Amino acid sequence: MVKGLPQLEIWDNITCVGFQYGKAHQLPYEESTFKAKELIELVHSDVFGKVKQPCITGYRCMITFINDFSRYVWVDFMKEKSKAT
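Residues numbered from 1 in each chain as written. Predicted model: local features only at pLDDT ≥ 70, side-chain atom pairs only at ≥ 80, totals over all residues. Heavy atoms only, no water.

K.L.:
It is not clear to me how the sheet that holds strand β2 (residues 61-67) should be interpreted in this structure. Could you clarify?
P.N.:
By definition, the strands of a sheet pair up through backbone hydrogen bonds, in either a parallel or an antiparallel sense. Reading across the sheet, the 3 strands line up as β1-β2-β3 and stay open at both edges, with antiparallel pairing between neighbours. Where the open sheet ends on each side, the last strands, each with one partner, are β1 (43-49) and β3 (73-78). Neighbouring strand axes in the sheet, compared pairwise and without regard to direction, differ in orientation by 15° on average. Direction of pairing for β2 relative to β3: antiparallel, over a ladder of 6 bridges. Counterpart to Phe 65 in the pairing with β3 is Trp 74. (Pairing = 2+ DSSP bridges. Helix = DSSP H or I, 4+ residues; strand = E, 2+ residues; numbered from the N terminus. Axes fitted to C-alpha atoms, helices over the stretch in contact; angles between N-to-C directions.)

The structure is reproduced here in C-alpha cells:
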C-alpha cells in the first residue's frame, strides 16, 4: 500500500471510450490467392502519424514499405504526411 494518495471515486455505471475501442472486433480478412513471384512485384505501403511528440530530429510521421515476395521492410521518417507523394 502507498500512503498519502487520495482516495479515488469509482463510477461503475460509465463505460470508458478507450475500453469500448479495445473491445471492438473486426472479422479477419480473406487470405489473398495472389503471391508475388519476384522482388518488387507487389509492395504494401502504409503511412503512420502525426504523433503528438516529435522525435529529436522533428519527424512526426513515417511510411512503411513491405516487399510481398521477400517480406523485407523499409521504414522512412517524415515531418509531414504530405511528403509521402
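K.L.:
I would appreciate a short explanation of the pattern of salt bridges in the present structure.
P.N.:
Where charged atoms from two side chains of opposite charge come close, those side chains can pair. Applying the stated criterion across every chain yields a total of 3 salt bridges. Across the salt bridge formed by Lys 35 and Glu 31, the nearest N and O atoms sit 3.8 Å from each other. The class for Lys 35 is partly exposed, based on a relative accessible area of 43%. The partner of Arg 71 in a salt bridge is Asp 68, and the shortest N-O contact between them spans 3.4 Å. (Salt bridge = Lys/Arg side-chain N within 4 Å of Asp/Glu carboxyl O. Buried < 20%, exposed > 50% of the residue type's maximum accessible area, 1.4 Å probe, protein only.)

K.L.:
Any chance you could explain a nonpolar patch on the surface here in plain terms?
P.N.:
A cluster of nonpolar side chains, namely Leu 39, Ile 40, Val 43, Phe 65, Phe 69, Tyr 72 and Trp 74, defines an oily patch on the protein surface of about 680 Å² accessible area. On the secondary structure map, Val 43 appears in strand β1. By relative accessible area, Val 43 is classed as partly exposed at 34%. (Patch = residues over 30% accessible without salt bridge, like charges linked within 9 Å, V, L, I, M, F, W, Y side chains within 5 Å. Areas by Shrake-Rupley, 256 points an atom, 1.4 Å probe, with all protein chains shown as cover.)

K.L.:
Looking at this model, I keep getting lost on the packing of aromatic side chains. Mind explaining?
P.N.:
The way to describe two aromatic rings as a pair is by their centre distance and the angle between their planes. The final tally for this structure, using the stated rule, is 1 aromatic pair. The ring of Tyr 59 carries Lys 79 above its face, with NZ or CZ at 5.8 Å from the centroid. (Phe/Tyr/Trp six-rings, centres within 6.5 Å; stacked < 30°, edge-to-face > 60°. Lys NZ or Arg CZ within 6 Å of the ring centre and 35° of its normal.)

K.L.:
Explanation requested: unusual backbone geometry in the structure shown.
P.N.:
Note: most peptide bonds trans; most residues except glycine with negative phi. Of note, the amide linkage connecting Gly 49 to Lys 50 takes the cis form, showing an omega dihedral of 15°. Checked against the element boundaries, Lys 50 lands in the loop between β1 and β2. Backbone geometry at Ile 40 places phi at a positive 65°, although glycine is not the residue there. Among the structural elements, Ile 40 can be located in the loop between α1 (17-22) and β1. The backbone phi angle of Arg 71 is positive, close to 65°, even though this residue is not glycine.

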